[in-house]
Each structure stands twice: as C-alpha cells, then as structure tokens.
Amino acid sequence: MKRSFEIAVIPGDGTGPEVIAEGIKVLNAASSRFGFSLNFNNFDFGGDRYLRTGEILPDSAIDDMRKYDAIYLGAIGHPDVKPGILEKGILLRLRFELDQYVNLRPVKLYPGVECPLKDKGPEHIDFVVVRENTEGLYAGAGGVLKKGTPDEVAVQESINTRKGVERCIRYAFEYCKKRHKMNKLTLCGKTNVLTYAFDLWERTFYEVAKEYQEIEANYAHVDAITMWFVKNPEWFDVIVTDNMFGDIITDLGAMIQGGMGIAAGGNINPEGVSMFEPIGGSAPKYKGKNIINPLAAICAGGMMLEHLGEDKAGKIIEKAVMEVTGKHIKSLAAGKMGFSTTEVGDLVANYVSKL
Ligand code: IPM
Ligand code: MN
C-alpha cells in the first residue's frame, strides 16, 4: 500500500494560514508516529494574490492539483474582495473541475463542548451529511435580463442529473454501510414543492436502496430536518441531500456540534483528487492574533488521512481532539479557548504522539 503522499496546501485568506499551520503540525505528528510520509506543497491562491496580480486561479492550477494525492485548504474570502469572486473562482471551481461530487460533513458533538441544545450531549449528536457538491443551484445555470431596470428578470436553475444524483446517493449508501452505526440513511429533500428535482432524487434513492437491504432508507423534507436537528438530533445517522440544502443544514449542524471552530469537511472525488477544509470562513478580524480555533482544520486533516487510507492515524487525530475538548480548552470560540491557536495545535500534536 502506498504510504507516501503529496499534499497540495492552499492556506488561503484571513486566519486560514494560522489554522493550516496547526493542522500540518498535527499531521506531521501523526505521520512520524505511524510511519508514513507527507510532503506538503504550498499554493498562494486567495484574496491577497488576487488583489496583487488580478488573477484568481492561474490556468495551470487545476492540472497542477490533479498531480496531488489530496488538497488541504484553509479558507477563502477576503474583506477587500467583493463576495462571490473568490468563492466561485477558487473554492467552487476546484470542487467542480476536480469533480469532487460529494461534500462529506460529519456533525459530532465532542466531549466538553458546549451544545446550544438543552439536554443534548455527545450521545445525541453524531451524524454525517453527504452533500451533493457539483450540481443543483450551484451549477450556475440561469441568467439575467434587463438588469437594473424595473423589468429585470433573474433566473437561477437547479440542475439535477440522473448521473450526478445517483453517484452521490450511491456514495451515501456505501458510506452508511461502512460506518455501521445505525444503518440508517435519510434523504433530505422537498418533494412536496420541488416536484421535478426531488422526484428524480427520491426515485433514484429508493431504487438504489433495493441494493442495500441492510440499510433503513427513509425520507424527510428539508424544513422538517432543520426542526429535528434541534429537537431530536439523535434520530440521524447519515443524511444525503442536494447542494443547496446541504449547504444550509450543515451550518445548522455545525452550530449544534459547538460551532464553526470544530466543523470540518471533505470535498470528495472517490476516483480523483479530494480536498479537505474547515467549513467555517476566513474570519479576517481574528487574523494574526493567534486566537483562532484550529480544531476544525485539524479535524479536516484527520479526515484527509482516513481518505488516504491512513485510518488509524485519522482516528488518533480525532481522539486527540476529543482529549483536548474534554480536558483542556474552555470554549471553542476564538479568544476564549484559554489557549492560543499554536498552543491548541501543540496540545493535539502531543496527544497524537502519545495516545
Ligand atoms: C461552504 C461555503 C461555500 C458554499 C461558499 C463559501 C461558496 O458556504 O463550503 O459551505 O456555499 O458551498
Ligand atoms: Mn456553507
């Protein structure tokens, strides 16, 4: 089995570089302990480069990325750049062109982490959202007519292809089977209103479900799901949904697991190059202060190792994070952890070496 990996690192904007530095510290601790090797190569894509050169992503970037075993991304988003330019030009472009068709987002409440839900603890919040990552409302289909006039028409269409929907659903069933927790997969949709798109999703879902008799396949409307995330999060095991709903419900998911400081995700192309990132933004107001929480980036690094086949190392990183949330840091919020960014990275790296 291959045990030497080339990683493209895009630290990005704001606090991205600070959290990625801690992630790399922890990844290095894991690689020395478990005897595999990681070679990191930095790319300076992001707001500063764009403001300096006018270039969002060089033409060669996508092909460069294809040569790597994985991509480790900090955050994209700069206060001096109009919203949308960097997000679409870097993050979404990488997801789309590298065909990372699944956005995998675990929602897990770690010990010691304050949960905003009354009477809910780690035993209640542990599920995973499989978000379709290349289609839906994100596909960019549509246009505008008579812009800026009283007759303006704006159309933005949700693109759902049988192929795109099916591969995402298949991934979710396989993931649910491998996870082997409740063996329950929930399709999150809106079949009562979006009767074309989610009809395709629902038919495909129940067709594929026939191949997975051991998995309980059920359906819930997205609005009801947001209600149950708050009321009964313990009902969920794995959820599969489209791009837009997945975007929205995973922010809610991040809040019930303690906040953006801990929420990590992977943009997965099972046959290609995948990209791992903390799901929060670049938090520019905390930049350079050494107070941002690096745990989400560290968890994303752990996910990356599992994806690369270094399961044990990935699991140890998660365990180390749980030690740190359970025994050390006071809060996940920037500036309130009781430790600096680099100290939190040291704590996790130490557990990774010793656990
Ligand atoms: C996310 C983010 C992105 C998205 C933005 C930054 C384009 O919110 O990763 O969830 O909408 O997918
Ligand atoms: Mn989002």
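Scroll up a little and you will see the structure.
Keep in mind the model is a prediction, meaning the values are calculated, not measured.

Cut-offs used in this document
- Residues numbered from 1 in each chain as written.
- Chains lettered and ligands numbered in written order.
- Predicted model: local features only at pLDDT ≥ 70, side-chain atom pairs only at ≥ 80, totals over all residues.
- Heavy atoms only, no water.
- Helix = DSSP H or I, 4+ residues; strand = E, 2+ residues; numbered from the N terminus.
- Rg over C-alpha atoms; globule rule 2.2 N^0.38 Å.
- Buried < 20%, exposed > 50% of the residue type's maximum accessible area, 1.4 Å probe, protein only.
- Areas by Shrake-Rupley, 256 points an atom, 1.4 Å probe, with all protein chains shown as cover.
- Lys, Arg positive; Asp, Glu negative; His and termini not counted.
- Charge placed at Lys NZ, Arg CZ, Asp CG, Glu CD.
- Salt bridge = Lys/Arg side-chain N within 4 Å of Asp/Glu carboxyl O.
- Near = heavy atom within 4 Å.
- Polar contact = N/O pair within 3.5 Å; in protein donor to acceptor, adjacent residues only side chain to side chain.
- Patch = residues over 30% accessible without salt bridge, like charges linked within 9 Å, V, L, I, M, F, W, Y side chains within 5 Å.
- Contact = heavy atoms within 4.5 Å.
- Core = buried A, V, L, I, M, F, W, Y, C linked by side-chain atoms within 4.5 Å.

In this section: the overall build of the chain. For the chain, the count of helices and strands is 11 helices and 12 strands. The C-alpha radius of gyration of the chain comes to 20 Å, within 12% of the 20 Å expected for a compact globule of 355 residues. Projected onto its principal axes, the C-alpha positions of the chain cover 55 × 50 × 45 Å. Considering the chain as a whole, with its 355 residues, one finds that 52% of them fall into the buried category. Accessible surface, the chain: about 15600 Å² in total, of which carbon and sulfur atoms supply 53%. The distance from the centre of the 42 positive side-chain charges to the centre of the 47 negative ones in the chain is 3 Å.

This part covers the pattern of salt bridges. Evaluated as defined, the whole model comprises 27 salt bridges. For the salt bridge of R3 with E310, the shortest nitrogen-to-oxygen distance reads 2.9 Å. With R3 in the segment before β1 (4-12) and E310 in the loop between α9 (295-307) and α10 (311-327), this pair connects stretches of sequence that are 307 residues apart. Owing to a relative accessible area of 34%, R3 belongs among the partly exposed residues under this scheme. Among the residues examined, E310 registers a relative accessible area of 5% and is labelled buried.

Near ligand 1, the surroundings consist of E87, L91, R95, R105, R131, Y138 and D247. One nitrogen or oxygen atom from the side chain of R105 is found 2.8 Å from an oxygen atom belonging to ligand 1. Contacts to ligand 1 include Y138, whose side-chain N or O atom sits 2.6 Å from an oxygen atom. Surface burial for ligand 1 is 76%, taken as the share of its 320 Å² of free accessible area covered by protein chains. Sort the elements by how many residues they give to the shell around ligand 1 and helix α4 (residues 85-97) lands first, with 3 residues.

A separate point is a nonpolar patch on the surface. A grouping of L145, V153 and V155 is seen on the molecular surface, where their side chains present a nonpolar patch of about 240 Å² in accessible area. Note that L145 resides in strand β6 (residues 136-145).

Looking now at unusual backbone geometry. Note on backbone geometry: most residues besides glycine have negative phi, and most peptide bonds are trans. With a phi angle near 50°, D99 is a residue other than glycine that sits in the positive phi range. Here D99 lies in the loop between α4 and β4 (102-108).

For the rest of this paragraph, the subject is the side chain of E132. Inspection of the secondary structure puts E132 in strand β5 (residues 126-132). Buried and unpaired, E132 has R167 as its nearest opposite-charge partner, separated by 4.9 Å. Reaching out from E132, the side chain makes a polar contact with the side chain of T134 at a distance of 2.7 Å. Beyond its immediate stretch of four places on either side in the chain, E132 contacts Y101, G164, C168, W201, T241, D242 and N243.

A word on the nonpolar core. Counting residues in hydrophobic clusters, the biggest one holds 89 residues, and the most contacted among them are V240 and V348. When sequence neighbours within four positions are dropped, the list of residues in contact with V240 reads V130, C168, I169, A172, L185, T186, L187, C188, W201 and F205.

Shape descriptors only; they carry no functional weight alone.
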